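# Coordinate inspection notes
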Amino acid sequence: MSAAGESGRTQQSRTRAQDLEQAAERATDPQERQRLKDQARQLKEQSEHACAPGKPDFDPAYR
């Protein structure tokens, strides 16, 4: 896949995460709020990993 395609998909994931966070803020049901927050967090994590291929998932300074 091209870098432009990956960055576009990453941006879509970030936008979707922001939408989920906003929906969580508006949610009145605590379980729904938590579910939306969890989904937003997962999308953010996935987009961060997609932005840095080859970057280890750990900080070598903490070895």
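In short, a report on the structure.

Criteria and cut-off values
- Throughout, a residue's number is its position along its own chain's written sequence, starting from 1.
- For this predicted model, a pLDDT threshold of at least 70 governs which residues receive local features, and a threshold of 80 or more governs which side-chain atom pairs are given and counted, while totals over whole chains, interfaces and linings are taken from all residues.
- Processing note: side-chain calculations cover all non-hydrogen atoms of the structure and skip hydrogens and water entirely.
- Put simply, DSSP marks the helices as runs of H or I at least four residues long and the strands as runs of E at least two long, and each gets a number from the N terminus on.
- When accessible area is computed with a 1.4 Å probe and restricted to protein chains, residues below 20% of their type maximum are described as buried, those above 50% as exposed, and intermediate ones as partly exposed.
- Calculation of accessible area relied on Shrake-Rupley with a 1.4 Å probe; when residues are assessed, cover is drawn exclusively from the protein chains displayed.
- Salt bridge, as applied in this entry: a Lys or Arg side-chain nitrogen positioned within 4 Å of an Asp or Glu carboxyl oxygen.
- N or O atoms closer than or at 3.5 Å make up a polar contact, with two conditions inside protein: a donor-capable atom paired with an acceptor-capable one, and, for residues adjacent in sequence, both atoms drawn from side chains.
- Here, two residues are considered to be in contact whenever any of their heavy atoms come within 4.5 Å of each other.
- To define a nonpolar core, start from buried Ala, Val, Leu, Ile, Met, Phe, Trp, Tyr and Cys residues and group those joined through side-chain atoms within 4.5 Å.

Moving on, we get to the overall build of the protein. Each helix and strand in the protein was counted, giving 2 helices and 0 strands. In the protein, which comprises 63 residues, the proportion classed as buried is 16%. Accessible surface, the protein as shown: approximately 5,100 Å² in total, 47% of it carbon and sulfur.

The next subject is the pattern of salt bridges. Applying the stated criterion across every chain, the model contains 3 salt bridges. Residue arginine 35 pairs with glutamate 32 through a salt bridge whose shortest N-O separation is 2.6 Å. Taken together, the positions of arginine 35 and glutamate 32, both in helix 2 (residues 30–51) and 3 residues apart, correspond to about one turn of that helix. Classification of arginine 35 as partly exposed rests on a relative accessible area of 39%.

Next up on the list: the side chain of serine 47. Mapped onto the fold, serine 47 is located in helix 2. At 2.9 Å, the side chain of serine 47 and the backbone oxygen of lysine 44 are in polar contact. Every residue in contact with serine 47, bar those within four places of it in the chain, is listed here: Thr10, Ser13 and Arg14.

Ala17, Leu20, Ala24, Ala27, Leu36, Ala40 and Leu43 together form the largest nonpolar core, which totals 7 residues. Of all the secondary-structure elements, those providing two or more residues to this core are helix 1 (3–26) and helix 2. Look past the residues within four positions of alanine 17 in its chain and what remains in contact with it is Ala40, Leu43 and Lys44.

Our focus in this paragraph is the environment of arginine 41. Locating arginine 41 in the fold gives a position in helix 2. With 24 residues separating them along the chain, arginine 41 and alanine 17 place their C-alpha atoms 7.1 Å apart.

From the geometry alone we can't say anything about function, so treat these as descriptive.
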